[in-house]
Amino acid sequence: MNSSGELAKNSLGVFESIIMGIAGTAPAFSVAVTSAAIVASVGVLSVGSILYCGLIMFGITLAFIHLSKIQPNAGAAYAWVGHVFGPTWGFFAGWGLLIASIFFMVSATIPAASSTLLLFAPDQSQDTRFITAIAAVWLTVVSLIVGRGIKHSSFMQMMLTLFESVILCVLIVAGLMSYWDLPAHPPSIVWISPLSFSPQLFATGALTAIFFFWGWDVTMNLSEESKGGSNNADGAAGKGAFWSVLNMILFFVLMMVVVLMVLTDQEIADSGTNVLFAIANKLFPAPWSYLAVFCTIFSTVGTIETQILQFSRSMFAMARDGMLHPVYARVHEHWKTPWVATFVIWFLGIVLLFSSSFMPSVKVILTSSILAIGFQICFYMSLTGFACAWHYRNQLKVSVGAALGYVIWPAFSGGFMVFVAIYSIPIFDSFTIMMGVGGLLLGFLPLAFNRKRSVKK
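A quick note: this is a predicted structure, and the numbers were derived from the prediction, not measured.

Reading the values: rules and limits
Residues numbered from 1 in each chain as written. Predicted model: local features only at pLDDT ≥ 70, side-chain atom pairs only at ≥ 80, totals over all residues. Heavy atoms only, no water. Axes fitted to C-alpha atoms, helices over the stretch in contact; angles between N-to-C directions. Helix = DSSP H or I, 4+ residues; strand = E, 2+ residues; numbered from the N terminus. Parallel < 35°, antiparallel > 145°, perpendicular 65-115°, else oblique. Left-handed = near helix turned anticlockwise from the far one by under 90°. Contact = heavy atoms within 4.5 Å. Patch = residues over 30% accessible without salt bridge, like charges linked within 9 Å, V, L, I, M, F, W, Y side chains within 5 Å. Areas by Shrake-Rupley, 256 points an atom, 1.4 Å probe, with all protein chains shown as cover. Salt bridge = Lys/Arg side-chain N within 4 Å of Asp/Glu carboxyl O. Buried < 20%, exposed > 50% of the residue type's maximum accessible area, 1.4 Å probe, protein only. Disulfide = S-S within 2.5 Å. Phe/Tyr/Trp six-rings, centres within 6.5 Å; stacked < 30°, edge-to-face > 60°.

Undergrad: What is the right way to read the packing of helix 4 (residues 77-85) against helix 5 (residues 87-120) from this model?
TA: Axis angle and axis distance: for two packed helices, these are the angle between their axes and the distance between the axes, and together they describe the pair. Close contact between helix 4 and helix 5 brings their axes to 7 Å; oriented N to C, the two are set at 160°. Between helix 4 and helix 5, the angle is such that the two are roughly antiparallel. The way helix 4 lies across helix 5 gives a crossing that is right-handed. Residues A77, Y78, V81, G82 and F85 of helix 4 touch helix 5, and the partners they reach there are P87, W89, G90, F91, A93 and G94.

Below, the structure is given as structure tokens:
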């Protein structure tokens, strides 16, 4: 194994990058896990929250695509924020992603385990001990696949995402056709009207809605391994980010409409992390309804994979630049993957899963981790939006289109995420604050340690 080495260049094309972006946002997983939480927070305004957060997230997407013109980099947000605002801000942009990814190993593997038990041991599907044990197995299997190389990961993603997409399209069409005349919640313009929201209500819904869209930026972390790397804004990674986010905005809005039309508030609350199964149960007889459970499992496994990829590439890039210990930059000689960084997220994920087994319920685990992750997403993505706006500020003089795409939209999106993060802190309990804010502050320790090590050199 090399102490430092190159990743597998020119491995991913445009189609594979789009699949990676879609898998990163994990359509079935996001709907299954987050629907109950967002409906409990803002009710039918969930549709508007998702729509507006999608438009905000697209501003961040533009920021990533434009910043990638600086240089393709596996560190993505870390590298580009560091280039514009200096290494300290770059470090914390990367650290925010690393911490969010670690917590995500809990919030992602638990629904996979819950769905697995729903198929094979329904009586144990809410038992935290059984769930965390199965979650650990899923995390281990996916980590091994990721460690074997980007082509293995890409092939697996394509198979899982295509199956998932077919099932979800069937659910959307069947739900709209079956419940159009007698919906559980009659569709209304109120669902998406800006006048329906108060600032508090909008911030509450937005923090959860942001979680729906998180993960598409894995395409940018794979930019060194994508085709067109030397001209990355027009290469596979940039196109993958652009089209995957547009697709997800349309999909999540439609899917939330179907959730509200098919299920009552009580049914949504009772479904927990199995919202898709609850919808399928009302639309199709068994055993066909259980395809929705497989859909959730495949989507969850897919997003675990993309998040491990995102974590390992970011940690690799930070270690390569000396911002973290060089050991994390080790690349497997044959598989061309950052194997040490992949091992780190597997190990920390297992530790957190074991710790979460002592919590009272699955719902408590998921709610705390989703809110904490939402806060950390807002942090590192807002920095990216601001970095793009500042780096390309001269575009304000070029044209209206250039000013909007390079400066105004990314800056507004970054400002919105700061607003959501600050406005949401008062609603956090102490445990969520410890995870969300404390996780970011913990970054001062490795930052200080590595600066001291650099001085000694």
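We are not done yet, so read on.
Undergrad: Honestly, a nonpolar patch on the surface in this entry has me stumped. Any pointers?
TA: There is a patch of nonpolar side chains on the surface, built from F15, F155, M159 and L162 and spanning about 420 Å² of accessible area. Looking at the element boundaries, M159 is found in helix 7 (residues 150-179). On the basis of relative accessible area, M159 is assigned to the partly exposed category, the value being 44%.

Undergrad: Looking at this model, I keep getting lost on the state of the cysteines. Mind explaining?
TA: Disulfide: a covalent bond connecting the sulfur atoms of a pair of cysteines. In total, this model carries 0 disulfides according to the counting rule given. Looking at C388, it has no disulfide partner, and the nearest cysteine sulfur is the one in C378, 18 Å off. Assessed through its relative accessible area of 0%, C388 is described here as buried.

Undergrad: What am I meant to see in the packing of aromatic side chains here?
TA: The geometry of an aromatic ring pair is captured by two quantities: the separation of the ring centres and the angle between the planes. Across all of its chains, the model carries 25 aromatic pairs by this definition. Between F91 and W95, the ring centres sit 5.9 Å apart and the planes meet at 15°, which makes this aromatic pair stacked. Here F91 and its partner W95 are both found in helix 5, 4 residues apart, which amounts to about one turn of the helix. Here the two residues F91 and W95 agree in accessibility, since each one is buried. Judged by centre distance (6.3 Å) and plane angle (20°), the rings of F343 and F347 are stacked. Linking F343 with F347, this pair stays in helix 14 (residues 339-356), spanning 4 residues, or about one helical turn. Of the residues examined, F347 reaches a relative accessible area of 44% and is grouped as partly exposed. Through a chain of ring-to-ring contacts, three or more aromatic side chains come together here, namely Y52, F197, F202, F416, F419 and Y423.

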